[in-house]
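Summary of the model geometry
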Amino acid sequence: MICKDRMSMGTDIVNINRIKKIISEKKSRFYDKIFTVKEIEYISNGGHKYTTIAGIFAAKEAISKVLGTGIGSVGWKEIEILHCASGKPYVNLINKGKEKLEELGLDSIEISISHEEDYALAFAIGYRSNNINIKIDDSIKKLLPRRSRDSHKGTYGRVAVIGGSRGMVGAPYLTSMAALRTGTGLVYSIVPKSLENIMSIKLTEVIVKSAEDKNKGYFTKDSLSDILEGIEGMDAIAIGPGIGADKERTYLTEEIINNYKGPIVIDADGINCLSINPDILYKRDQPIIITPHPGELGRFLGISTKEIQENRIYYSKYTSEKYNIIVALKGANTVVASPKNEIYINATGNPGMATAGSGDLLTGIIASFIGQGLIPIDAAKLGVFCHGLAGDLASIYKGEHGVIATDILENIPYSIKKIQE
Ligand SMILES: NC(=O)C1=CN([C@@H]2O[C@H](COP(=O)(O)OP(=O)(O)OC[C@H]3O[C@@H](n4cnc5c(N)ncnc54)[C@H](OP(=O)(O)O)[C@@H]3O)[C@@H](O)[C@H]2O)[C@@H](O)CC1
Ligand SMILES: Nc1ncnc2c1ncn2[C@@H]1O[C@H](COP(=O)(O)OP(=O)(O)O)[C@@H](O)[C@H]1O
Ligand SMILES: [Mg+2]
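Residues numbered from 1 in each chain as written. Chains lettered and ligands numbered in written order. Predicted model: local features only at pLDDT ≥ 70, side-chain atom pairs only at ≥ 80, totals over all residues.

What follows concerns the domain arrangement of the chain. When the domains of the chain are assigned, the result is domain 1 (7–127) and domain 2 (138–420). Taking only C-alpha atoms into account, the centre of domain 1 sits 52 Å from that of domain 2. (Domains from an automatic or database assignment.)

Take a look at the structure:
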């Protein structure tokens, strides 16, 4: 079985007198067997020092341990120790050495060599970097908000996430954290009052606000005034993750849509609530982005999930045009549609993202980009790309079976860095 670990180590210690003895008895056979032409050249330029020879010898042994083979199935000359101009040693693997490294899923090996009196010692670490082979189009790269030197947290937007109910605090937690990890300066999580304490414990950097819930554990119509107060002055809000859906939450969702004068990202139960009376969208002139999975879009349009899945582009466009909103229809190859007839089909992401909470992250990412000043269609395009790439990076380490939403969350910064490169 191949152990696809993140890193692998090896070390070796060599008695310099042993090397001295071998060289005095059979130098050329020893050189021929162990060292490559370039290594011999280096040893020779250095005056055939025993310490150098023993160090290179130890490094090869240490690397063979990183590869998990020992010297044998990977030969001495398939592990080459070269030196930078500064004298720092580095590894060049050849043929079977290279194959073994790839088989282990490692990208590179670092070595360090030392010696003192009778002994030379080498230490090697093979590691897997966060690298992913993806060509990122300039049209995506250029969307990424810049951060200026002379800036502060207020520069990068205020985003409020309205979500949660008893048993579903994870959803707004993930959405809020995703907004923060995407670069928003100030994120507020507005939850039903009876969940305030648990959210405050879970969230360190996010500001927690609560709305009266009469101890029910979910938003009720009594929550409205606190929520409206809480979203005042926000650059963008997200509503829906984990709120549950009933008459009262439908009333709340509608009132928020009617009253809040900025861009709103609506997800999950927010979409379910909206589906009761979607015509309220016609009264609104501020941007709305909905991020349904196929089940949610099916509910919204009153058709089956299967019908949606068979006509993903059609229904994304249809919904976008009919209600004058931006639609990000999730699933493999998320479709983003705008009322201006723009269509974007996302290429990042993988089946490892089919795990609870991964969609909640996307809501936070898109809201964050809007809060940082992107126009909503750009925020949606960049958001789905960045979210999928975070999922791809997470699956490098965790594999598609083991990825959970927290892994994707932790990879949002690396995804953004990758887009920036
Ligand atoms: N930790 C927490 O607090 C979490 C809380 N969460 C919160 O839970 C609430 C309920 O949301 P939910 O999405 O789990 O349930 P729901 O709307 O009934 O959808 C399931 C239906 O949709 C379908 N379907 C979905 N994707 C599909 C696809 N790609 N392709 C095709 N079909 C697809 C699927 O169809 P199936 O294949 O099962 O027939 C099924 O019928 C919500 O508020 C959310 O925020 C979650 O975010 C998780 C973490
Ligand atoms: N097979 C897949 N390939 C790519 N992305 C996927 C796949 N399955 C799910 N995803 C992504 O994972 C997320 C799931 O969202 P959602 O169903 O709302 O989950 P949750 O409500 O549990 O957060 C979406 O962004 C979707 O595009
Ligand atoms: Mg969801």
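All right, on to the packing of helix 1 (residues 16–34) against helix 3 (residues 50–66) then. Two quantities define a packed helix pair, namely the angle between the helix axes and the distance between the axes. Relative orientation of the contacting elements helix 1 and helix 3 amounts to 70°, with a least axis distance of 11 Å. Compared by their axis directions, helix 1 and helix 3 come out roughly perpendicular. At the point where helix 1 passes helix 3, the crossing takes the left-handed sense. Facing helix 1, whose interface residues are I16, I19, K20 and I34, helix 3 presents Y50, T51, I53, A54 and F57. (Axes fitted to C-alpha atoms, helices over the stretch in contact; angles between N-to-C directions. Helix = DSSP H or I, 4+ residues; strand = E, 2+ residues; numbered from the N terminus. Parallel < 35°, antiparallel > 145°, perpendicular 65-115°, else oblique. Left-handed = near helix turned anticlockwise from the far one by under 90°. Contact = placed C-beta atoms within 7 Å.)

Looking now at the nonpolar core. Core analysis: the biggest nonpolar cluster contains 85 residues, and V159, A160, I237, I366, A367 and A380 have the highest contact counts within it. Examining the composition of this core, we find that 11 residues originate from one element, helix 15 (residues 376–402), more than from any other. In this view, V159 contacts A179, T184, V187, M234, D235, A236, I237, A367, S368 and G371; residues no more than four positions away in its chain are not counted. (Core = buried A, V, L, I, M, F, W, Y, C linked by C-beta atoms within 7 Å. Buried ≥ 20, exposed ≤ 12 C-beta atoms within 10 Å, placed from the backbone.)

What follows concerns the site of ligand 1. Around ligand 1 there are 18 residues in total, and M168, G170, A268, H293 and G295 lie nearest to it. Broken down by element, the residue count for the shell around ligand 1 peaks at three residues, all from helix 11 (residues 294–301). (Near = placed C-beta within 6 Å.)

The next thing to look at is the packing of helix 6 (residues 170–181) against helix 16 (residues 405–420). Put simply, helix 6 and helix 16 touch, their axes get as near as 9 Å, and they point 15° apart. If you check the angle between helix 6 and helix 16, you find them roughly parallel. Seen along the crossing, helix 6 lies across helix 16 with a hand that is right-handed. In this structure, helix 6 contributes L174, M177, A178 and R181 to the contact, and helix 16 contributes A405, L409, I412 and P413. Here the residues of the contact of helix 6 with helix 16 are counted per class, giving seven nonpolar, no polar and one charged. (Nonpolar A, V, L, I, M, F, W, Y, C, P; charged D, E, K, R; others polar.)

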